[in-house]
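# Results of the structural survey
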Amino acid sequence: MTARPATTAKRVVTAEHVATTEQATPTERVATAERTMPTEHAMTAKRAFDVAGGTLLLLVLSPLIVGTALSVALGGGGGTGGLLRRRTVAGLGGRPFTMLTFRTKSPLAALPLLLHVVTGRMSLVGPCPLAPSHRECAGEGRRRLSVRPGLTGPWQISGRSDLPWEERELLDLHYVDHHWLGMDLLVLARTLPAVRRRRAARFA
């Protein structure tokens, strides 16, 4: 006789929760999403993976990094602007930092981002790096700032180079809400083939 009221109460709470979620304002939905963000343990595991993976990639790719730097310098890219492009982007918690890339249009331009991964400003996988004033860093999209921007992410493996910002925002927010180490490994495995496909399409 005592279990039935408890079951009924549980159903009432569940129904009220669903109704509240459906009728919530955008601000309330953001607050609810923030309560479902990855746990501290998951974030610690992700950071450990970033440090280990980023350091390994820096060591393995160091000859390519040096070669790319020399190529940019000899090709005139190291003129008045220097070898590196600098762009201010929003990091973890919205803290801005200067993102560095090589002055080349090839995928090798992203190699300096590995330094940001190792130093904790970026992640191997995460949302697309955006300027602090970008519309996707405000309102409901602000929860993207609860994780570090990524060297790659769902936006990179979408298969489209002209992805509209609305679709990119949905992909990024889905990643923020549901990411785990297995998803990061899957995105990393698909990144190089995706880059190759876009490069082949560009020169086809």
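Let me begin by describing the structure that accompanies this report. Note that this is a predicted model, so its numbers are computed, not measured.

With that settled, consider the overall build of the protein. Per the secondary structure count, the protein includes six helices and four strands. For the protein, long-range pairs separated by at least 24 residues make up 65% of all intrachain contacts whose partners lie at least 6 apart in sequence. Accessible area of the protein: about 12,400 Å², with a carbon and sulfur share of 62%.

As paired elements, strand 1 (residues 84-90) and strand 2 (residues 96-102) share seven bridges and run antiparallel to each other. When the sheet's bridge partners are listed, Ala90 is paired in strand 2 with Pro96.

Attention shifts here to a positive patch on the surface. A cluster of basic side chains, namely Arg85, Arg86, Arg103 and Lys105, defines a positive patch on the protein surface. Mapped onto the elements of the fold, Arg103 is located in the loop between strand 2 and helix 4 (113-119).

Attention now goes to the pattern of salt bridges. What the rule picks out here adds up to six salt bridges. Notably, a salt bridge pairs Asp184 with Lys46, separated by 2.7 Å at the nearest N-O pair. A residue pair is termed long-range when its members are at least 10 positions apart, and Asp184 in helix 6 (residues 181-202) and Lys46 in helix 3 (residues 40-74) qualify at 138 residues. When its relative accessible area of 1% is taken as the criterion, Asp184 is described as buried.

Procedures and definitions
Residues numbered from 1 in each chain as written. Predicted model: local features only at pLDDT ≥ 70, side-chain atom pairs only at ≥ 80, totals over all residues. Heavy atoms only, no water. Helix = DSSP H or I, 4+ residues; strand = E, 2+ residues; numbered from the N terminus. Contact = heavy atoms within 4.5 Å. Areas by Shrake-Rupley, 256 points an atom, 1.4 Å probe, with all protein chains shown as cover. Pairing = 2+ DSSP bridges. Patch = residues over 30% accessible without salt bridge, like charges linked within 9 Å, V, L, I, M, F, W, Y side chains within 5 Å. Salt bridge = Lys/Arg side-chain N within 4 Å of Asp/Glu carboxyl O. Lys, Arg positive; Asp, Glu negative; His and termini not counted. Charge placed at Lys NZ, Arg CZ, Asp CG, Glu CD. Buried < 20%, exposed > 50% of the residue type's maximum accessible area, 1.4 Å probe, protein only.

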